[in-house]
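Observations on the three-dimensional arrangement
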Amino acid sequence: MSVQPTTPARPSYKPQTSFPIRTEASGELIRYVEDDDQIAVLRSAVTLARRLFFSPLSKMIVVKLLGVEGGPVGEHDPTPHPVRLQDLPMDISIAQDVDRFQHEAQVKVVVDTTIRGYAKTNSTEPLILRINSDLVVPAGKAWRSGNTAEVNMTLLNLSCVMCHELMHLVRMQRFAATHDTPPSVSDGLRYREDVDDNGDNIVYGEGGWLWEVEYFGGALGATVFPRDHFCYKYDNQIHYVFAERPTPETTWFKVPYNQIRAVVEGFSGWQQNVPFTPTAPLNHGRNSAPRLRISSLSTTMHAYDGPGTKARVEQSDSTLDSDTVRCAYRGHAAETSKVSIVKIGRDGEILARHPI
Ligand SMILES: [Zn+2]
């Protein structure tokens, strides 16, 4: 009789590192992740995320977005037109709340091996920022490489993810985790979908993506080297960072490295480099290269391995608790497979497929 090898159950998350987000604090390291490289790159990313998120431009964006009001709309109702930042007032009481969050909130960054998205926040744990270990593992390798460009792009990518989640967390703090994002706070492409008490599908906004568009000039993504590329050294090694603009039509541009370096290394006048600006004509459509972060068309769209392979349902609605903010999904498709975005129904069937 043969004995099947058993795989021990993985813990829900790796031993974690706690990084207070306070700008004055250097950050207290409580426990370790996998190795010193991951610790170091996470610590640097948190420092960068603090500098970006609490910079004057970002705080102006955050305060204005938090002042927008409005409840969810039905999935078949027209979604409100996305807000325009220049039309929004600055509310002093909101600014004070954001200042308080900056100086007092003790946000823990948890490296999570179980979440399917690249990161997650949840209103039941409004000071926890979960980040997918799939992002942290290559980041540690980039750090170890000592290659300046590799490290800088990695830090920008990680800190962007953290800032995106901080946008959710600061809203949870201000509204005591009871107030969801109004639908007009979105980039016009990505919304959060949920189910109301009557079982009807409803649509909320998504402030994290809008923050990225307003602050960086586009939602950021990082393409990765395929294994057969002569520059490939390890899985999910970043090739370049791009910014995607959803409106008025979807376009993207490669973020010029000199702008990335100025921001990440904090050169004198670094803040003048954001929002990032393209130095070449915009590319139309979506960037179809293999990447670390997939910007899904909506929160119920999921990555899918192409025809002939088993559908990989990242998460279906029925498995998610209603408080979870779902931001988008990282693709796990094989490099050779054709990747599509599919819409998943409640019982897991594929309702629609969109090539990307
Ligand atoms: Zn989000």
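Bear in mind that the values here come from a model prediction, so they are computed numbers and not experimental data.

Quick word on the overall build of the protein
Each helix and strand in the protein was counted, giving seven helices and 14 strands. The burial tally for the protein puts 44% of its 356 residues in the buried class. Counting only contacts in the protein whose residues sit at least 6 apart along the sequence, the fraction spanning at least 24 positions is 67%.

A word on the sheet that holds strand β7 (residues 219-224)
To summarise the sheet geometry, strands pair through backbone hydrogen bonds and adopt either a parallel or an antiparallel arrangement. An order of β7-β8-β9-β10 is seen for the four strands of this open sheet, with the pairing classed as antiparallel. Unpaired on one side and paired on the other, β7 and β10 (283-284) mark the two borders of the sheet. Inspection of the sheet shows β7 paired to strand β8 (residues 238-245) by six bridges, in the antiparallel sense. Each residue of the ladder has a partner; that of Ala222, found in β8, is Val241. Packing against the sheet, helix α6 (residues 207-216) makes contact with β7 and β8, and its axis sits at approximately 90° to β7.

Considering the confidence of the model for the protein
Across the protein, the average pLDDT comes to 77, with 72% of residues at or above 70. Looking at the elements of the protein, mean pLDDT is at its lowest for strand β11 (residues 301-304), recorded as 34, and at its highest for helix α2 (residues 56-66), recorded as 98. Per-residue pLDDT stays below 50 along residues 22-32; that stretch engages in 21 contacts with residues further than four places along the chain or on separate chains. Confidence over residues 295-342 falls short of pLDDT 50; this stretch has 121 contacts with residues more than four positions distant or in other chains.

Here's the deal with the nonpolar core
With 69 residues, the main nonpolar core has Ala45, Ala49, Met162, Cys163 and Ala243 as its most contacted residues. Here this core gets 14 residues from one element, more than from any other, and that element is helix α5 (residues 148-174). Each residue touching Ala49, except ones within four places of it in the same chain, is listed here: Ser159, Met162, Cys163 and Leu166.

Section: the environment of Cys163
With respect to the helices, strands and loops of the structure, Cys163 is situated in helix α5. As for Cys163 and Ala49, which are separated by 114 residues in sequence, their C-alpha atoms are 5.8 Å apart. With near-sequence residues (within four places) excluded, Cys163 lies in contact with Ala49, Leu52, Phe53 and Trp211.

A short note on the pairing of strand β5 (residues 192-195)
Going residue by residue along β5, you find Arg192 and Asp194 tucked away on one face and Glu193 and Val195 left uncovered on the opposite face. In terms of strand pairing, β5 meets strand β6 (residues 201-204) through four bridges, oriented antiparallel. Within β6, the residue paired with Arg192 across the bridge is Tyr204. In sequence, β5 turns back onto β6 through a hairpin of five residues, with Gly199 there showing a positive phi of about 85°.

Comments concerning the sheet that holds β6
Taking strand neighbours across the sheet as the criterion, the three strands line up as β1-β6-β5 in an open arrangement whose pairing is antiparallel. Looking at the sheet topology across the chains shown, the edges are occupied by β1 (73-74) and β5.

Let's talk about the packing of helix α3 (residues 92-104) against α5
With their axes 10 Å apart at the nearest point, α3 and α5 run at an angle of 115° to one another. Our classification of the angle between α3 and α5 gives roughly perpendicular. For the pair α3 and α5, the sense of crossing is right-handed. Contact residues: Ile94, Asp97, Val98 and Phe101 in α3; Val170, Gln173 and Arg174 in α5. Tallied by class, the residues present in the contact of α3 with α5 amount to four nonpolar, one polar and two charged.

Brief notes about helix α4 (residues 133-145)
For α4, spanning 13 residues, the distance from its first C-alpha to its last is 18 Å, which sits close to the expected 18 Å at 1.5 Å a residue. Lining the buried residues of α4 we find α1 (36-53), β2 (108-112), β4 (128-132), α5 and β8. Following α4 by one or two positions, Gly146 has its phi on the positive side, about 70°.

Notes on the environment of Gly285
Relative to the assigned elements, Gly285 resides in the loop between β10 and β11. Residue Gly285 is classed as exposed on the basis of its 11 C-beta neighbours within 10 Å.

Conventions and cut-offs
Residues numbered from 1 in each chain as written. Predicted model: local features only at pLDDT ≥ 70, side-chain atom pairs only at ≥ 80, totals over all residues. Helix = DSSP H or I, 4+ residues; strand = E, 2+ residues; numbered from the N terminus. Buried ≥ 20, exposed ≤ 12 C-beta atoms within 10 Å, placed from the backbone. Contact = placed C-beta atoms within 7 Å. Pairing = 2+ DSSP bridges. Axes fitted to C-alpha atoms, helices over the stretch in contact; angles between N-to-C directions. pLDDT = per-residue confidence, 0-100. Core = buried A, V, L, I, M, F, W, Y, C linked by C-beta atoms within 7 Å. Parallel < 35°, antiparallel > 145°, perpendicular 65-115°, else oblique. Left-handed = near helix turned anticlockwise from the far one by under 90°. Nonpolar A, V, L, I, M, F, W, Y, C, P; charged D, E, K, R; others polar. Expected span 1.5 Å × (residues − 1).

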